[in-house]
Amino acid sequence: MKETVSVAPAVTAQEAVLPGRVQEALGELVGAAKEGLLALSIATGLGVLAELLEDEVDEVVGPKHARDPDRTAVRHGHEAGEVTLGGRRVAVERPRARTADGASEVPLATYAHFADRDPLTRVVLEQMLAGVSTRRFARTREPVGEDVLDAERSTSKSAVSREFVGRTREHLAALMSRSLQDIRLAVLMLDAIELKGRCCVVCLGITTDGIKVPLGLWDGSTENKTVTVHLLSDLVHRGLDVEQGLLVVLDGSKALRAAVAEVFGPVAVQRCVRHKERNVLEHLPQRDRPAVKARLRRAWAIDDHVLALDGLRALAAELEHSHPGAAASLSEGLEETLTLTRLRIRGRLKRTLQSTNPIDSMIEIVRPTSRNVKRWQSGDMCLRWTAAGMLEAEQQFRKIIGYTDLAKLALAVERDLTAHRTTTPTTTREEAATLATA
């Protein structure tokens, strides 16, 4: 009886690291296994993908060599294709099928799924926002084996840049087209972010449930009234309802305040006490700052509006003689630093909304995402990067401190707006409406 003897291939010292049973089971995948478990998985997965594609062709066309006069499609050979894999495009050979009359291509759902570029653009966006530059993107990819690396695409600097531009443009469009009709806001915050010679005014909303929602942004050269008016008008156009009233929280910018008055009319405005404090103290010598700072904070902490207002006015009067610049800074918009106190908002919610900290925290998340940008080429670039950072920040948001009292704030703001409208002369309101229409 003739014996059949199989001759095993020579095993190199590097291959001998793997146990014999593993080498026998892996067969031709031993080379991929030497490069790591992930490379082995990728090689196996690509083999499985090839089988899935052939199986789908069998389902669409029927088994090979089978005679079927009723078939609706036929095989049409193979051609080069690409699938998305680990932040890269990898070449594969895909089968084709056409209708029986040869009129059109029959799409294969399996190939369409794995060829989708969306996973690639998502990986690019995450890496870029995490601070990876376009030049270093290829170095951050997983080790998938030499064969895959030799055939990969879409990892060059220009390709990564194109993917990022496309993805951030989608994010910008999504942010600026959000419908605001079904959002009940209790608070709206405005601030600006400087981007090396350019400026973006950004807007953050806080719902009556305490959820922070990025609302929009607008590009300009500075934090000016015109830019802010465009931003606020866009919010109204998208359905923002200010008729029920809302609290607007601002820093000390006169341009932002003027824009709010022009677009929203008589809404309750809370000036950031931290900005006001900083502006006042900058007019004082170092020796006088601790005492003035303590008096400011004591006044803002008082829950009685009349006492708090008297305390701030008394301090402004004292500073008028010794430091008129500090007195003028304190007096400007002084009453609006006590809006929450006037509305009888107390405790943690008052401390949260007395400053622009919620929107500042969003900006602090936005800012690092663009730290690798050396030159802002256009306003579109500023908007895209900022919008991407705002949506990235949204994923990290938590409810604001003191959110359980937001319903109380919403009612207080609504009562305040109603009282203001009642005391406003009818003729004045009609004239204002006529001017707004014009």
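Nothing here was measured: the structure is a model prediction, and the numbers come from that model.

1. Topic: the pairing of strand β4 (residues 185-194)
For β4, the tally of buried residues reaches 9 of 10 residues, placing the bulk of the element in the interior. Relative to strand β5 (residues 199-207), β4 runs antiparallel, the two being bridged by 9 bridges. The residue bridging Glu194 from the neighbouring strand is Cys199, located in β5. The loop that links β4 with its antiparallel partner β5 comprises 4 residues; one of these, Lys196, has a positive phi angle of about 50 degrees. Where β4 lies against strand β7 (residues 247-250), 3 bridges are found, and the strand directions are parallel. Residue Leu188 lies in a different strand from β7, and its bridge partner there is Val248.

2. Side note on the sheet that holds β7
If you walk across this open sheet you meet the 5 strands as β6-β5-β4-β7-β8, and the pairing is mixed. Edge positions in the sheet fall to β6 (212-220) and β8 (268-271), since each of these pairs with one other strand and no more. The sheet shows a mean angle of 20 degrees between the axes of neighbouring strands, taken without regard to direction. Taken together, the 8 bridges between β5 and β6 define a ladder with antiparallel strand orientation. Within the sheet, the bridge partner assigned to Gly205 lies in β6 and is Val213. On the sheet, helix α8 (residues 225-237) packs against β4, β5 and β6 and is oriented at approximately 140 degrees with respect to β6. Packing of helix α18 (residues 406-423) onto the sheet brings it into contact with β4, β5, β7 and β8, and relative to β4 it is tilted by some 90 degrees.

3. Digging into helix α11 (residues 289-301)
For α11, which comprises 13 residues, the first-to-last C-alpha distance of 18 Å matches the rise-based estimate of 18 Å (1.5 Å per residue) to within 8%. Among the residues making up α11, those that are buried are Val292, Leu296, Ala299 and Trp300. Viewed along the axis of α11, the buried residues span an arc of 95 degrees, placing them on a single side of the element. Counted as exposed and oriented over 90 degrees from the buried face of α11: Pro290, Arg298 and Ala301.

4. Describing the environment of Glu414
Along the chain, Glu414 falls in helix α18. Here the alpha-carbon distance between Glu414 and Ala186, two residues 228 residues apart in the chain, equals 9.8 Å.

5. Examining the pattern of salt bridges
The tally for this structure, following the rule as stated, stands at 16 salt bridges. The partner of Glu277 in a salt bridge is Arg297, and the shortest N-O contact between them spans 2.7 Å. Separated by 20 residues along the polypeptide, Glu277 in helix α10 (residues 273-281) and Arg297 in helix α11 bring together distant segments of the chain. With relative accessibility at 6%, the residue Glu277 sits in the buried group. Across the salt bridge formed by Arg384 and Asp380, the nearest N and O atoms sit 3.0 Å from each other. Of this pair, Arg384 and Asp380 both sit in helix α17 (residues 379-394), 4 residues apart, roughly one helical turn. Owing to a relative accessible area of 31%, Asp380 belongs among the partly exposed residues under this scheme.

6. Here's the deal with the side chain of Lys350
Assignment of secondary structure puts Lys350 in helix α15 (residues 347-353). Reaching out from Lys350, the side chain makes a polar contact with the backbone oxygen of Trp300 at a distance of 3.1 Å. Residues within four places of Lys350 in sequence aside, it is in contact with Trp300, Ala301, Ile302, Asp303, Leu340, Thr341 and Ile345.

7. Side note on the nonpolar core
Grouped together as the largest cluster of nonpolar side chains are 40 residues, with contacts concentrated most on Val187, Leu217, Leu247, Leu353, Met362, Leu406 and Leu409. Looking at this core, the elements that each hand over two or more residues are α7 (157-176), β4, β5, β7, α15, α16 (357-369), α17 and α18. In contact with Met362, not counting residues within four places along its chain, are Val202, Leu204, Pro214, Met390, Ala393 and Phe397. Core analysis: the next-biggest nonpolar cluster, separate from the first, contains 26 residues, Ala192, Cys199, Val242 and Val248 among them.

8. With respect to the side chain of His275
Here His275 shows up in helix α10. What His275 contacts, discounting residues up to four positions off in sequence, is Asp251, Gly252, Thr356 and Asp360.

9. Looking at unusual backbone geometry
Even without glycine at this site, Arg344 takes up a positive phi of about 65 degrees. If you trace the backbone, Arg344 turns up in the loop between α14 (339-342) and α15.

10. Focus: the confidence of the model for the chain
Looking at the chain as a whole, the pLDDT averages 77, with 69% of positions reaching at least 70. This model gives residues 1-16 a pLDDT under 50, and the stretch forms 8 contacts once residues within four places in sequence are excluded. Counting contacts from residues 426-438, a segment whose pLDDT is below 50, to residues more than four positions away or on other chains yields 2 contacts.

11. Focus on the environment of Gly389
Among the structural elements, Gly389 can be located in helix α17. Owing to a relative accessible area of 0%, Gly389 belongs among the buried residues under this scheme. Note: C-alpha distance between Gly389 and Val366 (23 residues apart in sequence) is 4.4 Å.

Rules behind the numbers
Residues numbered from 1 in each chain as written. Predicted model: local features only at pLDDT ≥ 70, side-chain atom pairs only at ≥ 80, totals over all residues. Heavy atoms only, no water. Buried < 20%, exposed > 50% of the residue type's maximum accessible area, 1.4 Å probe, protein only. Helix = DSSP H or I, 4+ residues; strand = E, 2+ residues; numbered from the N terminus. Pairing = 2+ DSSP bridges. Axes fitted to C-alpha atoms, helices over the stretch in contact; angles between N-to-C directions. Contact = heavy atoms within 4.5 Å. Expected span 1.5 Å × (residues − 1). Arc of directions from axis to C-beta. Salt bridge = Lys/Arg side-chain N within 4 Å of Asp/Glu carboxyl O. Polar contact = N/O pair within 3.5 Å; in protein donor to acceptor, adjacent residues only side chain to side chain. Core = buried A, V, L, I, M, F, W, Y, C linked by side-chain atoms within 4.5 Å. pLDDT = per-residue confidence, 0-100.

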